[in-house]
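# What the coordinates show
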Amino acid sequence: MVLEADRTGENGRRLPMRGVKPLLLLGLIAAATSLGLGVWLGTQLPAGSPTYYASLAIDLVAVLAFGTLAFLGGRLAAAGRMASLARQALEALPDAAFVTDAKGLIGFANAAYVARFAGGGRSPLQVFLDGAEDDEAVESELNRLKTQARVGGTAHAELRARFLDGRIGWFEVTVAPIASVRGGAVWQLVDITDSRQLRGVIEAGRTMLFEFFDGVPFGLYSVDESGRFLMINETLAGWLGASPEALINGRARIEDFLVTTDDATRVPFDPQAPGEGREVLLNGRQGRLTYAAISQTIEGSGPSRRTCSVVRDLAPDRAREEALIRARQRFQRFFEIAPVGIALIDTHARFKETNPALEKLLLTESEHLAGRNLMEFVFEDDQVPAAERLAQIVKGTALDRPLELRVRTGAGDKTLALFASRLDTAEGSIAGLILHFIDLTEQKNLELQFAQSQKMQAVGQLAGGVAHDFNNLLTAMIGFCDLLLLRFRPGDQSFADIMQIKQNANRAANLVRQLLAFSRQQTLQPRVIDIGEVLSDLSHLLNRLLGENVELKMMQGRALGTVRVDQGQLEQVIINLAVNARDAMPGGGTLTIKTSNVERTEATQRELEIMPAGNYVLIEVSDDGTGIPREIVGRIFEPFFSTKEVGSGTGLGLSTVYGIVKQTGGFIFVDSTVGVGTQFSLYLPQHVRKEGEAPPLPALDPLEVAAPRDLTGAGTILLVEDEDPVRLFSARALRNKGYTVVEAKSGEAALQIIQAGVETIDLIVTDVVMPRMDGPTLIKQVRETKPDMKVVFISGYTEDTFRKRIGDDSDIHFLAKPFSLKQLAFKVKEIMGEVRVD
């Protein structure tokens, strides 16, 4: 739209109606002149003449013109007065105002308008276009205002306008028509810049409030006295399955969504009553059920009564409560079934809560731990360190490693690992200590058992090695004694001296056998025997050993099972135990030997030993002597350990017993009380005879059979021995008996002799343990070419050490060191098939 430029005065304001009054004055003068001319002509002209009538007409016209001009003058004077009043009214307005005609030209502008917008050659309406962001939109709006005013209506609009100083402001523009001026209009511009900014801030806050109102995770609503929704947020509307507008405009009521229950204990919800946390069940339009709690207050009264209600969905709370209940149940279940002891104690070490595992660990079934002090169970030596560590934890110092405690329990003494941590309240104060107890007793026993077995194994290996070396020395000593005895008669003094040497060598050989027994490396000849018969036969010897001051009682069980043991070694065990019992009763007493069958359905642990389940024959050897102190019970089976006076024993008696029993596959336990007595319990596995199995024949002992008078023989023997004294004695002994002896100092040398084939070898006598190529390796290689070669192994070790390597071969024999000349000659002649006993 193009606005026509209006004419303005010096101050920029339109000066309307200028020159109207002079024109009216001239009109009146003209009318008076015409009237005067008409009157004058009328007096000068004859009546009834045309000229006369013409003068009358002129008079009439002048009179009408004068009247009209007089009327118009009055009207104009009144209009002037009204215009003056209008101008004064517009000038008095604090807002900018101006008047336009039908063509849109400004006829008047007040001082407020001029002060703010006039000047600079701008059209008053151009100020709106200068402040517009969209010219077409502003032009359209201005045309709408003018059109509305032109048709007689009042129009309003909010438009931007530019001030003289360049600022942009918002104005509420009101256009009203002027009834006395066709197409004229009055424009009023009210500055609403500040109010619009304030309204924007209010609107933004309102929008934020409604976004917050709709976005909160709980429901908000207000209902009138009839229960109809006056307000409801999006959250609650969503639970009810509708939009806020639909619920409010649809005049929905809160009662429409309440579900009645059959719970007689629950008070029905009153939508008009104030209250806190009233639980209800809401059923939405989509069928969604919501368990909720409603808290509300009441505002106003009568028709203006309304509620302010908050609805909280209880589902998350119930889910958390259920999760908490499940967690508590899981914790309680873990607490109850935990395999380790768990306890909560106060700062004074008193038990507050304990689980069944700890109750079972520390108490008997009839006792309880609640209220009792932890230190009641702790060994005196461990109480101070334990109290100090717990005090550190109370102060906030973490336990860097578990504390080992020795405790006394209803089931005996135990070793426990204690893990402790501080338990704080929500406020940060200490609530107590959480303790975890792990039973280390079995682990400690296994560690001790392992250490003991390692020690016994080490001592056994040492004893076995020493025994092997001693056996080589004793073989040479006993053998050369036999060779010397051949030169002397029994009545010679030298014969007696040599026999004394041989007897002491045999005593040394017995000690070596005891060492081998302890190290479980002695040669056993097991056979199936009846324990009752063996003990009955042994009772006569035991009576002689015990003497007159000690009474022997035999209590034989019925239908005893058989066992497979070396009878001689078993007798040695009983004799050693009987002798120890006799020495423990210097003033006399009773030695009781009791036998019985025992069935163990599960593994049994005694001291450091674990005895598997099975059927056993139990031999109990008990005395009423001085007993064994508790602190040394664990050492009685160690070799060379003895409580007897120096010279009264070797310290190998019980160690020999232990070795023989263990090598047999049995177990031995000891129970002793100082001043009461001692009992040794031997458990020997019962022998289960297979179907069709015949009892084995007892082994032939060369020392027990009648010695053949003729031990001479013939044949070629390959003697393989790395120990020179043993080889020299054995070679001389066999040559004296008529054999051809080929000597070899090593397995390699013996193999070369056989492969050379110079001599036809009938028998190989070889040591087991030799450097580089040992005896079993030599025989394996010989058997590859000579599978029928007869062999005798000689060794200071047990026969089992090489039997496992070469298998069960009936053509391989064994002779244990130390051996005498007769034993060697007997074994060789036995194998050569020429033994003849007279």
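Scoring rules and cut-offs
- Residues numbered from 1 in each chain as written.
- Predicted model: local features only at pLDDT ≥ 70, side-chain atom pairs only at ≥ 80, totals over all residues.
- Heavy atoms only, no water.
- Helix = DSSP H or I, 4+ residues; strand = E, 2+ residues; numbered from the N terminus.
- Buried < 20%, exposed > 50% of the residue type's maximum accessible area, 1.4 Å probe, protein only.
- Contact = heavy atoms within 4.5 Å.
- Areas by Shrake-Rupley, 256 points an atom, 1.4 Å probe, with all protein chains shown as cover.
- 1 Å grid on protein atoms, 1.4 Å probe; cavity = no way out; pocket = protein on both sides within 12 Å on 5 of 7 lines; lining within 4 Å.
- Points joined across faces, edges and corners; volume = space filled by probe spheres on them.
- Nonpolar A, V, L, I, M, F, W, Y, C, P; charged D, E, K, R; others polar.
- Phe/Tyr/Trp six-rings, centres within 6.5 Å; stacked < 30°, edge-to-face > 60°.
- Expected span 1.5 Å × (residues − 1).
- Arc of directions from axis to C-beta.
- Axes fitted to C-alpha atoms, helices over the stretch in contact; angles between N-to-C directions.
- Parallel < 35°, antiparallel > 145°, perpendicular 65-115°, else oblique.
- Left-handed = near helix turned anticlockwise from the far one by under 90°.
- Pairing = 2+ DSSP bridges.
- Core = buried A, V, L, I, M, F, W, Y, C linked by side-chain atoms within 4.5 Å.
- Right-handed = clockwise from strand over helix to strand, strands pointing away.

## Some thoughts on the overall build of the chain
Across its full length, the chain carries 21 helices and 29 strands. Classification of the 838 residues of the chain by burial places 39% in the buried group. Nonlocal contacts in the chain, meaning residues at least 24 apart in sequence, comprise 57% of its contacts between residues at least 6 apart. Accessible surface, the chain: about 46400 Å² in total, of which carbon and sulfur atoms supply 54%.

## Observations regarding empty space enclosed by the protein
The gaps left among the atoms become clear once a water-sized probe is rolled over them. This structure, assessed with the given rule, holds two cavities of 30 Å³ or more. Looking at the largest cavity, its volume works out to about 50 Å³. In terms of lining residues, the largest cavity is bounded by V565, D566, Q569, L570, V573, I660, V661, T664 and L684. Classifying every residue of the lining of the largest cavity gives six nonpolar, two polar and one charged.

## Considering the packing of aromatic side chains
Within the structure shown, the criterion is met by nine aromatic pairs. Summarising the aromatic geometry, the rings of F98 and W187 are spaced 5.6 Å apart at their centres and angled 10° between planes, so their arrangement reads as stacked. Of this pair, F98 sits in strand β1 (residues 96–100) while W187 sits in strand β5 (residues 185–191); the two residues are 89 residues apart in sequence, bridging distant segments of the chain. Overall, the relative accessible area of 1% leaves W187 in the buried class.

## Side note on helix α11 (residues 380–394)
Given a rise of 1.5 Å per residue, 15 residues ought to cover 21 Å, and the 22 Å separating the end C-alpha atoms of α11 matches this to within 8%. Along α11, the residues classified as buried are D382, A386, R389, L390 and I393. End-on view of α11: buried residues confined to an arc of 100°, all on one side of the axis. Facing away from the buried side of α11 by more than 90 degrees, the exposed set consists of E380, V384 and E388. Those residues of α11 that are buried lie in contact with β11 (341–345), β13 (403–409), β14 (412–424) and β15 (430–439). Once α11 ends, the next one or two residues include G396, with phi positive near 110°.

## As for the packing of helix α17 (residues 724–736) against helix α21 (residues 821–832)
The N-to-C vectors of α17 and α21 enclose an angle of 60°; their axes lie 10 Å apart at closest approach. As far as their axial angle goes, α21 and α17 are oblique. Relative to α21, the crossing made by α17 is right-handed. When α17 is examined against α21, the residues F729, S730, A733 and L734 are found in contact with a partner set consisting of L821, L824 and V828.

## As for the sheet that holds strand β4 (residues 168–177)
Strand order in the open sheet formed by five strands is β2-β1-β5-β4-β3, with antiparallel pairing between adjacent strands. Looking at which strands have only one partner, the edges of the open sheet turn out to be β2 (106–109) and β3 (155–162). Here the strands of the sheet are splayed against their neighbours by 25° on average, with no regard to which way each runs. Note that β1 and β5 share five bridges and pair antiparallel. Opposite A97, over in β5, you have Q188 as the bridge partner.

## Here we look at the nonpolar core
Within the largest apolar cluster, 38 residues are counted, with the highest numbers of intra-cluster contacts made by I531, L591 and F680. Each residue touching L591, except ones within four places of it in the same chain, is listed here: L546, V550, E551, L552, K553, A578, A581, M585, V621 and S622. Y113, F171, W187 and L189 belong to the second-largest nonpolar core, a separate cluster that totals 26 residues.

## Details of unusual backbone geometry
With omega at -5°, the peptide bond leading from K817 into P818 counts as cis. When you line up the elements, P818 lands in the loop between β29 (812–816) and α21. In this model, R251 sits at a positive phi of 55°, which is unusual for a non-glycine residue. Tracing the sequence through the fold places R251 in the loop between α8 (244–249) and β8 (275–283).

## Digging into the packing of helix α15 (residues 567–583) against helix α16 (residues 653–664)
Contact pair α15 / α16: the axes reach a minimum separation of 9 Å and the direction vectors enclose 145°. The interaxial crossing formed by α15 with α16 has left-handed handedness. Of the residues in α16, those in contact with Q569, Q572, V573, N576, L577 and N580 of α15 are G653, L654, T656, V657, I660 and V661. Of the residues that constitute the contact of α15 with α16, the class distribution is six nonpolar, six polar and no charged.

## A look at the sheet that holds strand β25 (residues 716–720)
Strand order in this open sheet of five strands is β26-β25-β27-β28-β29, and the pairing throughout is parallel. In the strand order of this sheet, the two ends are held by β26 (740–744) and β29, each with one partner. Direction aside, neighbouring strands of the sheet carry axes that sit 20° apart on average. Relative to strand β28 (residues 790–795), strand β27 (residues 763–767) is paired through five bridges, and the arrangement is parallel. Within the sheet, the bridge partner assigned to T766 lies in β28 and is F793.

## Considering helix α18 (residues 747–756)
Side chains three or four residues apart in an α-helix point the same way, a direct result of the helix having 3.6 residues per turn. Residues of α18 that are buried include every one of G747, A750, L751 and I754, and no others. Down the axis, α18 shows its buried residues gathered within 100° of arc, on one side only. Opposite the packed face of α18, turned more than 90 degrees from it, sit the exposed residues Q752 and A756. In this structure, the buried side of α18 is in contact with β25, β26, β27 and α19 (775–785). At the exit of α18 stands G757, carrying a positive phi of roughly 70°.

## Comments concerning the environment of T766
Structurally, T766 is set in strand β27. Counting along the chain gives 44 residues from T766 to D722, while the straight-line C-alpha distance between them is 9.3 Å. Beyond its immediate stretch of four places on either side in the chain, T766 contacts V720, G775, L778, I779, V791, V792, F793 and I794.

## Details of the pairing of β28
The element β28 is largely enclosed, with a buried count of five among its six residues. For the handedness criterion, the β-α-β arrangement of β27, α19 and β28 is classed as right-handed. Looking at chain direction, β28 and β29 are connected through five bridges and run parallel. Its bridge partner lying in β29, S795 is registered against A816.

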